[in-house]
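Geometric and topological summary
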Amino acid sequence: MSNTDTDFEALRARLHRAIPGGAHTYSRGDDQFPAIAPPLFVRGKGAYAWDSAGQRYLDYGMALRAVTLGYADARVNAAAAAEMENGVNLTRATMTELLAAEALIDLVPSVEMVKFGKNGSNVTTAAVKIARAYTGRRYICVPRQQPFFSFDDWFIGTTALKRGIPAEQTASTLVFDYNDIGSLKALFDAHPGEIAAVMLEPATTMIPCPPACTRPAGWPSTGTCAGCDCNAQNFLQQVQTLCRKDGALFILDEMITGFRWHLQGAQTFFGVQPDITTFGKGMANGFSVAAVGGRREVMEVGAINRPGMERTFLLSTTHGAEMTGLGAFIATAQIYRDEDVVGHLWRYGASLRDGMTQVAARHGLSAHFQMDGPPVSLNYLTRDTGGQVSLSMRTLLSQELLKRGVMMPWVAISQSHGPAELQLTLEALDGALGVYAQALDGGVEKFLQGPAIRPVFRSHN
Ligand SMILES: Cc1ncc(COP(=O)(O)O)c(C=O)c1O
């Protein structure tokens, strides 16, 4: 039992013996990485993580996007350590909790009150509960194209992973298509006066269809809009209008977009004012903090100072206001204000997108390796000989990047990704695409050193 064990197969076996799934998040699972990926990491610093053999990797996973400044940021760690000395968690509300709530309220105009949790899933589920309590209605609408809102049954039951979930738990969750306002209107028409809320991520690699469907220049692919009114509002504004007209709440899940698109969230970037917002990843540089916040009148369903009001049991947890995480959040938010972290994420993303696109072009692979999405929300697409998006080719690319010291399961950028990291990435991609081109000619199986990555949301192993 040492943390320098270099036998990866033995470590993998120990992980699966001790932990169902071998990790605490399915997106950290073995089936999400090439076989040669280290089964675990021992430590991280800045933009890098080290495996148990001491091998260093430039990381674009960044703890499932939770670390936005860089691993082990000394300023954030010092703030968290100070809160350890203050007692970590006390018997009544704490000063740290008050200051953290006020910091989020100061930052995001639509947030007038806030409750903290430790996991994103808890706060999105809390948002659903607030909406149902406030409106007295039943249905929640989520877009089909967005993969994940919560581990709770109300959402997971809508995916391929239905085992253990009674059908009635999901019967009140309805699905529409992102950028297709007609599909959402159809749900409102089918359930008049019964929709409690629409919840969606403001954007992913797909951005809201802009007014009159005019896409910003230079943004490679933003998905297609369908049934769009092509009026003066972007898709999110149309969703907001629809919700307001009907009396449903408009909820934005800014777990990924928050602290990346704009200091005030993607909601400010796209010009909307949700009733409720959820935040998490990106709040506290990897410390466990999530938040549900929103309009006072709505959030006050959880209040105890409104005499005679029917009570709502809203997100009551022992560890929700644990002071280390909230201290880390206050420090992280201050660094964001002082250092234009968001601007850095946009600029690095643009350089990365352009650089990777140029490397692919040099290899004659522009039709097979493509960058997708806006600079702050990038993805890469790997296509096979026939031009189809291919997980085998993605696995091969990941494998070859790993051999060259870069782990890129998705593209999460931090403040610690700078010019040296950009250069390292482009050199690794250059080498990896050399192998990629050979695999397009000779068959990917010959080059893959293990099974291809598989989607998390599949019904069977
Ligand atoms: C958009 C979105 N919402 C909610 C969650 C849940 O967050 P957590 O993993 O902190 O529970 C995630 C996590 O990946 C997410 O991406």
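None of these values were measured; they are calculated from a predicted model.

1. As for unusual backbone geometry
Backbone geometry places Leu-64, a non-glycine residue, at a positive phi of 55°. One non-glycine residue, Arg-65, adopts positive backbone phi at about 80°. Residue position: Arg-65 is located in helix H2 (residues 62–65). The class for Arg-65 is partly exposed, based on a relative accessible area of 22%.

2. Overview of the site of the ligand
Near the ligand, the surroundings consist of Asn-119, Gly-120, Ser-121, Phe-148, Phe-149, Glu-201, Asp-253, Met-255, Ile-256 and Lys-281. A distance of 2.7 Å separates an oxygen atom of the ligand from a polar atom in the backbone of Gly-120. Interatomic distance of 3.0 Å between a side-chain N/O atom of Lys-281 and an oxygen atom of the ligand. Summarising the interface, the protein chains cover 81% of the accessible area of the ligand, which totals 390 Å² for the free molecule. Its residues assigned to classes, the shell around the ligand comprises four nonpolar, three polar and three charged.

3. Regarding the sheet that holds strand E9 (residues 276–279)
One open sheet accounts for seven strands, arranged E4-E10-E9-E8-E7-E5-E6; its pairing is mixed. Of all the strands in the sheet, just strand E4 (113–117) and strand E6 (173–176) have a single pairing partner and so form its edges. Put simply, the sheet's adjacent strands are angled 20° from each other on average, direction ignored. Direction of pairing for strand E5 (residues 139–143) relative to E6: parallel, over a ladder of four bridges. Looking across to E6, one finds that Val-142 is bridged to Val-175. The strands touched by helix H7 (residues 181–190) are E5, E6 and strand E7 (195–200); relative to E6, the strand with the most contacts, the crossing angle is about 150°. Along the sheet face, helix H8 (residues 235–246) touches E6, E7 and strand E8 (249–253) and points at about 145° away from the line of E8.

4. Section: the domain arrangement of the protein chain
Its domain assignment divides the protein chain into domain 1 (8–72 + 341–446) and domain 2 (89–321). Between domain 1 and domain 2, the contact holds 21 residues from the first and 18 residues from the second. Scanning the region where domain 1 abuts domain 2 turns up zero salt bridges. Scanning the region where domain 1 abuts domain 2 turns up ten residue pairs in polar contact (both at pLDDT 80 or more).

5. Considerations on the pattern of salt bridges
Tallied over the entire structure, the rule returns 16 salt bridges. The closest approach of N and O atoms between Asp-30 and Arg-12, which form a salt bridge, is 3.3 Å. With Asp-30 in the loop between helix H1 (8–18) and strand E1 (41–45) and Arg-12 in helix H1, this pair connects stretches of sequence that are 18 residues apart. Glu-300 serves as the salt-bridge partner of Arg-306, at 3.0 Å between the closest nitrogen and oxygen. Residue Glu-300 is classed as buried on the basis of its relative accessible area of 15%. Three or more residues joined by partner-sharing salt bridges are found here, namely Arg-244, Asp-275, Arg-295 and Glu-297.

6. Things to note about the packing of aromatic side chains
We describe a pair of aromatic rings using the distance from one ring centre to the other and the angle between the two ring planes. In this structure the tally under the stated criterion is 17 aromatic pairs. Residues Tyr-178 and Phe-235 carry aromatic rings whose centres are separated by 5.1 Å and whose planes lie at 65° to one another, so their mutual orientation is edge-to-face. Here Phe-235 lies in helix H8 and Tyr-178 lies in the loop between E6 and H7, a separation of 57 residues in the sequence. Judged by relative accessible area, which is 3%, Phe-235 ranks as buried. With a centroid separation of 5.8 Å and 70° between ring planes, the pair formed by Phe-259 and Phe-279 is classed as edge-to-face. Remark: Phe-279 occurs in strand E9 and Phe-259 occurs in the loop between E8 and helix H9 (266–270); sequence separation between them is 20 residues. Taken as a pair, Phe-259 and Phe-279 share a single burial class, namely buried. Clustering of aromatic rings is evident, with ring pairs tying together Phe-116, Phe-259, Phe-279, Phe-329 and Tyr-336.

Scoring rules and cut-offs
- Residues numbered from 1 in each chain as written.
- Predicted model: local features only at pLDDT ≥ 70, side-chain atom pairs only at ≥ 80, totals over all residues.
- Heavy atoms only, no water.
- Helix = DSSP H or I, 4+ residues; strand = E, 2+ residues; numbered from the N terminus.
- Buried < 20%, exposed > 50% of the residue type's maximum accessible area, 1.4 Å probe, protein only.
- Near = heavy atom within 4 Å.
- Polar contact = N/O pair within 3.5 Å; in protein donor to acceptor, adjacent residues only side chain to side chain.
- Areas by Shrake-Rupley, 256 points an atom, 1.4 Å probe, with all protein chains shown as cover.
- Nonpolar A, V, L, I, M, F, W, Y, C, P; charged D, E, K, R; others polar.
- Pairing = 2+ DSSP bridges.
- Axes fitted to C-alpha atoms, helices over the stretch in contact; angles between N-to-C directions.
- Contact = heavy atoms within 4.5 Å.
- Domains from an automatic or database assignment.
- Salt bridge = Lys/Arg side-chain N within 4 Å of Asp/Glu carboxyl O.
- Phe/Tyr/Trp six-rings, centres within 6.5 Å; stacked < 30°, edge-to-face > 60°.

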